[in-house]
Amino acid sequence: MFFNHPLFLLGGSLSLIAVNLSHDGGRAMKQWAPLMIVMTVVIIVINPFINSRGTHVWFYIFRKQVTYEATLYGVVTALSLLMILLVFVSLNNVLNGNKLLYIFARILPRTAFLIMMSIRFVPLLKRRLTEIQDVQRLKGMTMTQGTLRERAKSGMSMLQILLSWSLEEAVETADSMKARGYGLGKRRPYIPYRMTKSDTYWLSYLVLFFALCVTGGLMGFGKIMIYPELGTLHLSFSDWIVFICGMAIALFPVFVEGREQLKWNYSI
């Protein structure tokens, strides 16, 4: 992460949780919640016991020193990884295949198309497998009951149906794209996205605060020194300015969603 001060990372994590809640009520985030919690706790707890670097000794265990630096480094690492996971969950909610293709199709048409197909691939297979399991369950074939051989046989049968279905669908899709002349002329987006005046204002807002954050980060604000010796956690006035700018960017989707909710419910 560009900033490594624990307060910045904690604020960023909480902001991204709020952003995910504003997307879909946190449904997608809940699927990843066990992994996020376990990963964060394990890194924070384990790191001080396997890393003895640092000069500020907290306590000794089995003649091994546990330092404040190692503990804080574990916190910083865990929060950084947590933020990365939260960003990807949010991106998966917002940036669907059509939007990705619209943004990158003119620059990297084949790569964008391949990425869009890859993003669509896993959820599609999962949905088809669920449909196959429902049908096979009515015929008495399930992977949760019976002997190991019977369950393996049911699983292989479902896998065979899934692969046959997917290959047949892929051939039909390819024939359909060829019949419609895909790739012969200039591609036009299926859903046109127009840049409005309001979008320009919001983009200027984001660029301004992003530039302030980058400038502050390059000047050393929002960062702490952990090794070889722990620096101060105190935040200066400039650090707080950078922190507020960062929160203004991270919470931008929440502001926009809240504004739309107010308009919708109270006609402001």
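Residues numbered from 1 in each chain as written. Predicted model: local features only at pLDDT ≥ 70, side-chain atom pairs only at ≥ 80, totals over all residues. Heavy atoms only, no water.

Draft legend 1. Quick look at the overall build of the protein. What the protein contains, in helices and strands, is nine helices and two strands. Of the regular secondary structure in the protein, the N- to C-terminal order runs α-α-β-β-α-α-α-α-α-α-α. Projecting the C-alpha coordinates of the protein onto the three principal axes gives extents of approximately 65 × 60 × 40 Å. Every one of the 268 residues in the protein was classed for burial, and the buried ones make up 28%. For the protein, the share of sequence-separated contacts (at least 6 apart) that also reach a separation of at least 24 residues comes to 67%. As presented, the protein carries roughly 18800 Å² of accessible surface, and 67% of it is formed by carbon and sulfur atoms. Once the 27 positive and 14 negative side-chain charges of the protein are each reduced to a mean point, those two points are 4 Å apart. (Helix = DSSP H or I, 4+ residues; strand = E, 2+ residues; numbered from the N terminus. Buried < 20%, exposed > 50% of the residue type's maximum accessible area, 1.4 Å probe, protein only. Contact = heavy atoms within 4.5 Å. Areas by Shrake-Rupley, 256 points an atom, 1.4 Å probe, with all protein chains shown as cover. Lys, Arg positive; Asp, Glu negative; His and termini not counted. Charge placed at Lys NZ, Arg CZ, Asp CG, Glu CD.)

Draft legend 2. Quick look at the layout of surface pockets. One number sums up the size of the largest pocket: a volume of about 1800 Å³. What lines the largest pocket is a set of 41 residues, among which L91, L206, I249, F252 and P253 lie closest to the centre. Listed by contribution, the elements that provide at least two residues to the lining of the largest pocket are α1 (6-24), α3 (68-94), α4 (97-104), α7 (197-218), α8 (237-250) and α9 (252-266). Across the lining of the largest pocket, the residue classes tally to 31 nonpolar, five polar and five charged. (1 Å grid on protein atoms, 1.4 Å probe; cavity = no way out; pocket = protein on both sides within 12 Å on 5 of 7 lines; lining within 4 Å. Points joined across faces, edges and corners; volume = space filled by probe spheres on them. Nonpolar A, V, L, I, M, F, W, Y, C, P; charged D, E, K, R; others polar.)

Draft legend 3. Region of interest: the side chain of E69. Mapped onto the elements, E69 comes out in helix α3. The residues touching E69, leaving out its near neighbours within four places in the chain, are R53, G54, T55, H56, I226, Y227, E229 and L230.

Draft legend 4. Structural context of the pattern of salt bridges. For the coordinates displayed, the defined rule picks out two salt bridges. Taking the shortest distance from any N to any O, the salt bridge between D134 and R137 comes out at 3.1 Å. Residue D134 and its partner R137 are both found in helix α5 (residues 109-138); the two are separated by three residues, about one turn of the helix. Overall, D134 belongs to the partly exposed group, its relative accessible area being 37%. With a shortest N-O distance of 3.4 Å, E260 and R259 are connected by a salt bridge. Under the relative-accessibility criterion, E260 is labelled partly exposed at 38%. Among the residues examined, R259 registers a relative accessible area of 34% and is labelled partly exposed. (Salt bridge = Lys/Arg side-chain N within 4 Å of Asp/Glu carboxyl O.)

Draft legend 5. Representation of a nonpolar patch on the surface. Taken together, the side chains of I37, V38, V41, V42, V45, I46, F49, I50, W58, F59 and Y68 define a hydrophobic patch exposed on the protein surface, amounting to about 1000 Å² of accessible area. Within the residue set of the nonpolar patch, elements represented by two or more residues are α2 (27-50) and β1 (57-61). For I50, the location among the structural elements is in helix α2. (Patch = residues over 30% accessible without salt bridge, like charges linked within 9 Å, V, L, I, M, F, W, Y side chains within 5 Å.)

Draft legend 6. Up close: the side chain of N20. Examined against the element boundaries, N20 turns out to sit in helix α1. Taking relative accessible area as the criterion, N20 reaches 0% and is therefore assigned buried. Apart from the residues within four sequence positions on either side, N20 is in contact with G25, G26, M29, L86, V89, S90 and N93.

Draft legend 7. Region of interest: the packing of α5 against helix α6 (residues 148-179). Running from N to C, α5 and α6 cross one another at 135°; their axes reach a closest spacing of 10 Å. Taken together, the axes of α5 and α6 are oblique relative to one another. Relative to α6, α5 is oriented so that their crossing is right-handed. Contacts between α5 and α6 pair F113, L125, R128, L129, E131, I132, Q133 and Q136 from the former with S157, M158, I161, L162, W165, S166, E169 and M177 from the latter. Residues that form the contact of α5 with α6 fall into these classes: nine nonpolar, four polar and three charged. (Axes fitted to C-alpha atoms, helices over the stretch in contact; angles between N-to-C directions. Parallel < 35°, antiparallel > 145°, perpendicular 65-115°, else oblique. Left-handed = near helix turned anticlockwise from the far one by under 90°.)

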